[in-house]
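A structural walkthrough
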Amino acid sequence: ATKTFSSLLKENKPIIGAAISIGSVLCAQIVARSGFEWVLIDQEHAPTSPREATNLTHAVVAASAGQCVPIIRVPSHGIEWIKWALDSGAGGVIIPMVQSRKEAEDIIQRAIYPPIGQRSFGPFLAPYADTDNSSDVGKYLSKRARDLAIMPMIESVDGIKNAEEILSVKGVTGCFIGPYDLRQSLGLAGGDGEESSFIEALEKVLEIGKRLGVHIGTVAATEVASKRKTEMGFSFLLSGQDPNFLASGAKASFQICEKG
Ligand code: 3PY
Ligand code: MG
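The text that follows walks through the structure, step by step, so that each part is easy to find. (Residues numbered from 1 in each chain as written. Chains lettered and ligands numbered in written order. Predicted model: local features only at pLDDT ≥ 70, side-chain atom pairs only at ≥ 80, totals over all residues. Heavy atoms only, no water.)

One pass over the structure, following the stated rule, counts 7 aromatic pairs. Ring centres 5.1 Å apart and planes at 90° place the aromatic pair Phe5 and Phe236 in the edge-to-face group. Remark: Phe236 occurs in strand 8 (residues 236-241) and Phe5 occurs in helix 1 (residues 5-8); sequence separation between them is 231 residues. By relative accessible area, Phe5 is classed as buried at 3%. Each member of the aromatic cluster is reached from another via a ring pair, and the members are Phe5, Trp38, Phe176 and Phe236. A cation sits over an aromatic face here: Arg183 above Phe198, 4.8 Å from the ring centre. (Phe/Tyr/Trp six-rings, centres within 6.5 Å; stacked < 30°, edge-to-face > 60°. Helix = DSSP H or I, 4+ residues; strand = E, 2+ residues; numbered from the N terminus. Buried < 20%, exposed > 50% of the residue type's maximum accessible area, 1.4 Å probe, protein only. Lys NZ or Arg CZ within 6 Å of the ring centre and 35° of its normal.)

Laid out in structure tokens, this is it:
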């Protein structure tokens, strides 16, 4: 059966994902067969349409036989984005720049069915993101729809300030820290570093997540970063994205041949 994000999470070892932003079904299938346990299908920093995100979701599940879980990063908090993303059958959503309890509550209302939220009924495409040859909407509703990953992003000084309120909202299962935006908001350059304001912000969210049972993820693009973030206690990491995979592979291949 198609895995759920929560079923992948382990003690003491983060699950590794990759971002999909090229928007090609074939690229997504190649990434999904490269060992990653989850992918972030990006609508925030790539112009991925809801239909493309739906097709990519289904391609990732099919190519990995349900072992790699597609999570859609929507471009904003809007009800239509969240509705389309979840109705695709994706394993969850990542929602950028959440800065207050009210924003987190609104997201949960859009993402979860009653009685907790007010997600509108209509997951007609979702059963086909199951690997068991089912077209049964009822089965989706009774199983995967009850185990979705709903993960606000904390990536600003205000988000850090209100992290406890954001992560306490019932229905929030995880949180993805966007290091680039967070560091910009702290007045720091780049996507990683050891500055105390940055490390303290990460540690604050990790401590709250541990206490509340909310899984925390972030970016780790190098071996050093991956080791450090694993030691800090992150549950899921984002390693890189398909344009970079293509660029580094293409460059390496060119250089090998050029030497010959
Ligand atoms: C950030 O670092 O701001 C991100 O959104 C990472 O995906
Ligand atoms: Mg960001």
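Between its terminal C-alpha atoms helix 3 (residues 50-63) stretches 20 Å, which fits the 20 Å expected from 14 residues at 1.5 Å a residue. Taken together, the buried positions of helix 3 are occupied by Ala53, Thr54, Leu56, Thr57, Ala59, Val60, Val61 and Ala63. Buried residues along helix 3 sit in contact with strand 1 (15-20), helix 2 (25-32), strand 2 (38-42), strand 3 (69-73) and helix 4 (79-87). Just downstream of helix 3 lies Ala65, where phi reads positive at about 50°. (Expected span 1.5 Å × (residues − 1). Contact = heavy atoms within 4.5 Å.)

Our next topic: the side chain of Ser21. Counting through the fold element by element, Ser21 comes out in the loop between strand 1 and helix 2. Judged by relative accessible area, Ser21 falls into the buried class, the value being 14%. Beyond its immediate sequence surroundings of up to four residues, Ser21 is in contact with Asp42, Ala46, Gln241, Asp242 and Pro243.

What follows deals with the coordination of the magnesium ion (ligand 2). Taken together, Glu155 (OE) and Asp181 (OD) make up the full set of protein donors to the magnesium ion (ligand 2), lying 2.0 to 2.2 Å away. Residue Glu155 is located in the loop between strand 5 (149-154) and helix 7 (157-161), and its partner Asp181 is located in helix 9 (residues 179-186); the two are separated by 26 residues in the primary sequence. (Donors = N, O, S within 2.8 Å, 3.2 Å for Na, K, Ca; no water.)

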